[in-house]
Amino acid sequence: MSVRTPDFLDAAAAVRAADAADVIPIHALAVDNAMFAPDDMAGFAEMLQGYLDGSLDQHRWIVADDPADRVVGAAYYAPEPFADRLWNLYFLAVHPGEHRKGIGTLLTSHVEESLRNAGSQVARVLIVETSSTDEYQAARRFYERDGFDREARVREFYGPGDHKIVYWKSLVETGD
Ligand SMILES: CC(C)(COP(=O)(O)OP(=O)(O)OC[C@H]1O[C@@H](n2cnc3c(N)ncnc32)[C@H](O)[C@@H]1OP(=O)(O)O)[C@@H](O)C(=O)NCCC(=O)NCCS
């Protein structure tokens, strides 16, 4: 499949809010991309729980379906606690067989558009955090190409030699 065709990009159903039936496909995206171990299912379901039961009402999970209605990508974003209208893209993954087809861009475009539409009183900045390791080189390239600034590095955050890289993007025109 290719999502670069105007038909697919124009299809309103391509990106939608996640629901309870998406927990297993989203978990599979994380495992298949080696982001989490297969036995992290409980922790993963917990991440989704607050969104699904409505207790974390500003937390948003979205998924991208392919034309056969298979979940091929997912993103999770929420406001960062203790920050001023700064949102964090906590999770982004595309099925490994579907990389480099524009699905990641489709998801981040949706995240940014929804936050820009919410207005500067709700969202001023979007950040995303990733690892400095070779395994996440594609992610770093992706965020840099997507217009994020490489803002900070927290040394040894994820383990010895595994630093956290923070990417930053303004969602507003001025310093609002
Ligand atoms: C990072 C990720 C979400 C990107 O999704 P994607 O659908 O493959 O990305 P897109 O097709 O929209 O790529 C857009 C651009 O990003 C850059 N890019 C994406 N993957 C890249 C790679 N492997 N190497 C170099 N550049 C890459 C390219 O510039 C690409 O444009 P191009 O294909 O026209 O050259 C995907 O690789 C993924 O799921 N990785 C595993 C999980 C992960 O690392 N998530 C992020 C954790 S913070």
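Up top is the structure.
This write-up is about the structure you can find in this document. (Residues numbered from 1 in each chain as written. Predicted model: local features only at pLDDT ≥ 70, side-chain atom pairs only at ≥ 80, totals over all residues.)

**What to know about the sheet that holds strand E5 (residues 125-131)**
Spatially, seven strands are ordered E1-E2-E3-E4-E5-E7-E6 in an open sheet, and the strand pairing comes out mixed. Edge positions in the sheet fall to strand E1 (15-17) and strand E6 (149-159), since each has one partner strand and no second. Within the sheet, the average angular offset between the axes of one strand and its neighbour, ignoring direction, is 25°. The pairing of E5 with strand E7 (residues 162-170) spans seven bridges and is antiparallel. Its bridge partner lying in E7, Leu126 is registered against Lys169. Across the face of the sheet, helix H2 (residues 23-32) comes into contact with strand E2 (60-65), strand E3 (71-79) and strand E4 (86-94) while running at roughly 95° to E3. (Pairing = 2+ DSSP bridges. Helix = DSSP H or I, 4+ residues; strand = E, 2+ residues; numbered from the N terminus. Axes fitted to C-alpha atoms, helices over the stretch in contact; angles between N-to-C directions. Contact = placed C-beta atoms within 7 Å.)

**Some words on the pairing of E3**
Bridging between E2 and E3 involves six bridges; their strand directions are antiparallel. The residue bridging Val63 from the neighbouring strand is Ala74, located in E3. Counting the residues that bridge the hairpin from E3 to E4 gives six residues, and of these Phe82 lies at a positive phi of roughly 70°.

**Some words on H2**
Two residues of an α-helix separated by three or four positions point the same way, owing to the 3.6 residues in each turn. All of the buried residues in H2 are Ile26, His27 and Leu29. End-on, the buried residues of H2 take up no more than an arc of 150°, which puts them together on one face. Next to the buried residues of H2 lie helix H3 (41-52), E2, E3 and E4. At the exit of H2 stands Ala34, carrying a positive phi of roughly 60°. (Buried ≥ 20, exposed ≤ 12 C-beta atoms within 10 Å, placed from the backbone. Arc of directions from axis to C-beta.)

**Remarks on unusual backbone geometry**
Although it is not a glycine, Ala34 adopts a positive phi angle of roughly 60°. Examined against the element boundaries, Ala34 turns out to sit in the loop between H2 and H3. Given 9 C-beta atoms within 10 Å, Ala34 falls into the exposed group. Although it is not a glycine, Arg100 sits at a positive phi angle of roughly 65°. With respect to the helices and strands, the residue Arg100 is situated in the loop between E4 and helix H4 (103-118). A residue is classified by how many C-beta atoms lie within 10 Å of it, and Arg100, with 9 of them, is exposed.

**Regarding the site of the ligand**
Around the ligand, 19 residues are found, and the nearest of them are His99, Gly104, Thr105, Ala138 and Arg141. Looking at the shell around the ligand, the elements with two or more residues in it are E4, H4 and helix H5 (137-145). The element contributing the most residues to the shell around the ligand is H5, with five residues. By residue class, the composition of the shell around the ligand is nine nonpolar, six polar and four charged. (Near = placed C-beta within 6 Å. Nonpolar A, V, L, I, M, F, W, Y, C, P; charged D, E, K, R; others polar.)

**Regarding the packing of H2 against H3**
Two elements in contact, H2 and H3, have axes whose closest approach is 10 Å; the angle formed by their N-to-C orientations is 120°. It follows from the interaxial angle that H2 and H3 lie oblique. The handedness of the crossing between H2 and H3 comes out as right-handed. Between H2, through Val23, His27 and Ala30, and H3, the contact on the second element is made entirely by Met41, Phe44, Ala45 and Leu48. Split into classes, the residues belonging to the contact of H2 with H3 amount to six nonpolar, one polar and no charged. (Parallel < 35°, antiparallel > 145°, perpendicular 65-115°, else oblique. Left-handed = near helix turned anticlockwise from the far one by under 90°.)

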